Amino acid sequence: MGAFIVMEGIDGAGKSTQARLLAEWFEEKGYEVVLTKEPTDTAFGKLIRKLVLTGGREGIIDGARISHEAEALLFAADRAEHVSKLIKPAVEAGKVVISDRYFYSSLAYQWARGLDLEWLIDLNRFAIRPDLVILLDLPVKESMKRINGRSIKTEFDKIAELQKKVRENYLKLAERFPEMRIVNALASVEDIHNDIVALVEHELFKK
Ligand SMILES: Nc1ncnc2c1ncn2[C@@H]1O[C@H](COP(=O)(O)OP(=O)(O)OP(=O)(O)O)[C@@H](O)[C@H]1O
Ligand SMILES: Cc1cn([C@H]2C[C@H](O)[C@@H](COP(=O)(O)O)O2)c(=O)[nH]c1=O
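Quick summary incoming for the structure in this document. (Residues numbered from 1 in each chain as written. Chains lettered and ligands numbered in written order. Predicted model: local features only at pLDDT ≥ 70, side-chain atom pairs only at ≥ 80, totals over all residues. Heavy atoms only, no water.)

A closer look at unusual backbone geometry
Okay, step 1: With omega at -5 degrees, the peptide bond leading from E38 into P39 counts as cis.
Okay, step 2: Assignment of secondary structure puts P39 in the loop between β2 (33-37) and α2 (43-51).
Okay, step 3: Positive phi, normally seen in glycine, also occurs at R101, with a value near 85 degrees. (Helix = DSSP H or I, 4+ residues; strand = E, 2+ residues; numbered from the N terminus.)

Concerning the packing of aromatic side chains
Okay, step 1: One pass over the structure, following the stated rule, counts twelve aromatic pairs.
Okay, step 2: Considering the side-chain rings of F4 and Y102, the 5.0 Å spacing of their centres and the 80 degrees angle between planes classify their relative orientation as edge-to-face. With a gap of 98 residues between them, F4 in strand β1 (residues 3-8) and Y102 in the loop between β5 (96-100) and α4 (103-112) connect regions that are remote in the sequence.
Okay, step 3: Judged by its relative accessible area of 0%, Y102 is buried.
Okay, step 4: Consider the rings of Y102 and F103, whose centres lie 5.3 Å apart with planes at 55 degrees: the pair is tilted. Of the two residues examined, Y102 and F103, each falls in the buried class.
Okay, step 5: Taken together, F4, Y102, F103, Y104 and F177 form an aromatic cluster joined through their ring pairs. (Phe/Tyr/Trp six-rings, centres within 6.5 Å; stacked < 30°, edge-to-face > 60°. Buried < 20%, exposed > 50% of the residue type's maximum accessible area, 1.4 Å probe, protein only.)

Right, here's the structure in full:
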């Protein structure tokens, strides 16, 4: 059985933690798992980290920050490579692909940056739809506490106001995309994992 599962949520919602635990759960059941993320570690992902996700001079071209449209196009280019070279072949080979972020991140974040949602949806139309998207929903106050200890990664993703808009956007997207399921990310790591397993069993194994 090939399957494609995505973890989404604001910064610090617990996506990487839960993606790893879910990958281990599938592996214990004997599945071949591909654990991946966006932005990727490829040349496009590295370009995004350099041009978009750094608070320093790198994101500045000719004295001005790159435009939000250019940001959205870079994320989409990275995703196009991700889908065609890794996600699609792995699912077709019967593997379970778990991605930490996917095009829903572009919809939630780049929409919060003021871009048109329908344009963003069109731009990402090439991206195959996952079987299940787990939206880890967490109040921004808690997510800021969780990521507070990190070294300064970006100015881009550190602003609580932006994170609030992103959270609202995710909740609106969950009403539009039937593959999205909301999980309360305020619980303990173990309880959240159990909720996710219950969802996977219900949605993918129809238990
Ligand atoms: N349920 C939880 N309760 C308390 N702390 C948690 C919980 N889940 C994760 N954490 C901690 O919160 C921090 C952020 O978790 P994690 O890296 O998994 O989030 P993330 O959503 O992948 O973040 P980002 O989007 O910024 O990469 C980590 O220090 C992690 O150990
Ligand atoms: C895929 C994708 C990501 N982003 C933003 C969301 C986060 O602030 C960073 C990625 O940081 P992480 O710690 O690696 O999760 O990038 C975005 O704005 N648009 C996207 O499509």
